[in-house]
Amino acid sequence: MIEEEISHRSYERIEQLMHWKRFADATNEAMALIRDTPEDPYAYALLAHVCLHMDSLDKALHWSEESLRRDPENELAWFVRANTYYTIEDWKAAMEAIKEGQRVDPYEPHYFFLHANILNKTRRYDEARGLLLKGLEISPENPLYLANLSYNEALLRNFSESKMLANKALRLDVESDMVYLYLAWSAERRNDYDDYLLMLKNAIRLDPDDKQIRQEFLEGLQKNYKFYRIMLMPSNLMKKMKPWQIFISWIVLWILFKPLMILFIVLYYTTHWVTKLLVHVKVFGWTRRR
């Protein structure tokens, strides 16, 4: 009983260090716990979770596997594996981990969130919407899931519903960089570029070191130039079309308007690189980005 109480205090301390983003300290605590209790599967799962937050993805998979070797039903280990495979974009392995994770922990809503995102990548927007709604049944006031559903509704061109969900997500949380990132994507799909840039500014304010957010913010600054947005109008139109419609449209346009198509492609790439240079100078000056 005394050993269990000591372990639980260690779990809480590691989780608190993670909350404070003191990941190096959390790693040291988890390693110390593993040395003291080498057969404790939760200790390995905790270390895997820390590694996931540090983007040490190979280590996250290694330590979660060590946890599952000791306890194949460990909920945290499956949660880490699902999120890790999702992060490295190994969709097949992610889906297998999601399936196992839901088997051992059917009330974890984040699995619906991950599964929905994978479906959105293959344009299965209606199915993704259904999964997000299932996640929200379990966690009805989760701002991240609401923000993702806002994005999903924008993908389905339900713009008024998307905007309503975005407002609801912001009423619940104005301090989450990921909520702002999903709301930025949602605004872009609605062609609301002012809101798109505002959401990205809030996201990068909260987490300026996140690579994905930095990249999205720089792209958002590019799209702030109206002449670049004009060049994006055909791609915005294609968002409404099915893949086969896009393919046929390009063939027809190329046959009928080949010179204009070539001119547009040249103008598009010229605009893209000019605005990219302008954004670089605006953000980093005339020095190379570090």
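Definitions and cut-offs
Residues numbered from 1 in each chain as written. Predicted model: local features only at pLDDT ≥ 70, side-chain atom pairs only at ≥ 80, totals over all residues. Heavy atoms only, no water. Salt bridge = Lys/Arg side-chain N within 4 Å of Asp/Glu carboxyl O. Buried < 20%, exposed > 50% of the residue type's maximum accessible area, 1.4 Å probe, protein only. Phe/Tyr/Trp six-rings, centres within 6.5 Å; stacked < 30°, edge-to-face > 60°. Helix = DSSP H or I, 4+ residues; strand = E, 2+ residues; numbered from the N terminus. Lys NZ or Arg CZ within 6 Å of the ring centre and 35° of its normal.

Turning to the pattern of salt bridges, a few remarks are in order. Throughout the structure, instances matching the rule amount to eleven salt bridges. Arg22 is paired through a salt bridge with Asp25; the nearest N and O atoms lie 3.0 Å apart. Given the relative accessible area of 31%, Asp25 is considered partly exposed. Put simply, Glu127 and Arg124 hold a salt bridge, and the shortest N to O gap is 3.0 Å. Residue class for Arg124 comes out partly exposed when judged on its relative accessible area of 39%. Residues joined in a network through salt bridges with shared partners are Glu39, Glu66, Arg69 and Arg70.

This next bit is on the packing of aromatic side chains. Applying the stated criterion across every chain, the model contains nine aromatic pairs. Here the aromatic rings of Tyr151 and Trp185 are separated by 5.9 Å at their centres, their planes lie at 50°, and the arrangement is tilted. Taken as a pair, Tyr151 in helix H9 (residues 143-155) and Trp185 in helix H11 (residues 177-189) lie far apart in primary sequence, 34 residues in all. Each member of the pair Tyr151 and Trp185 is classed as buried. Directly above the ring of Tyr44 sits Arg70, whose terminal nitrogen or CZ lies 4.1 Å from the centroid.

Bear in mind that shape data such as this cannot, by itself, settle questions of function.
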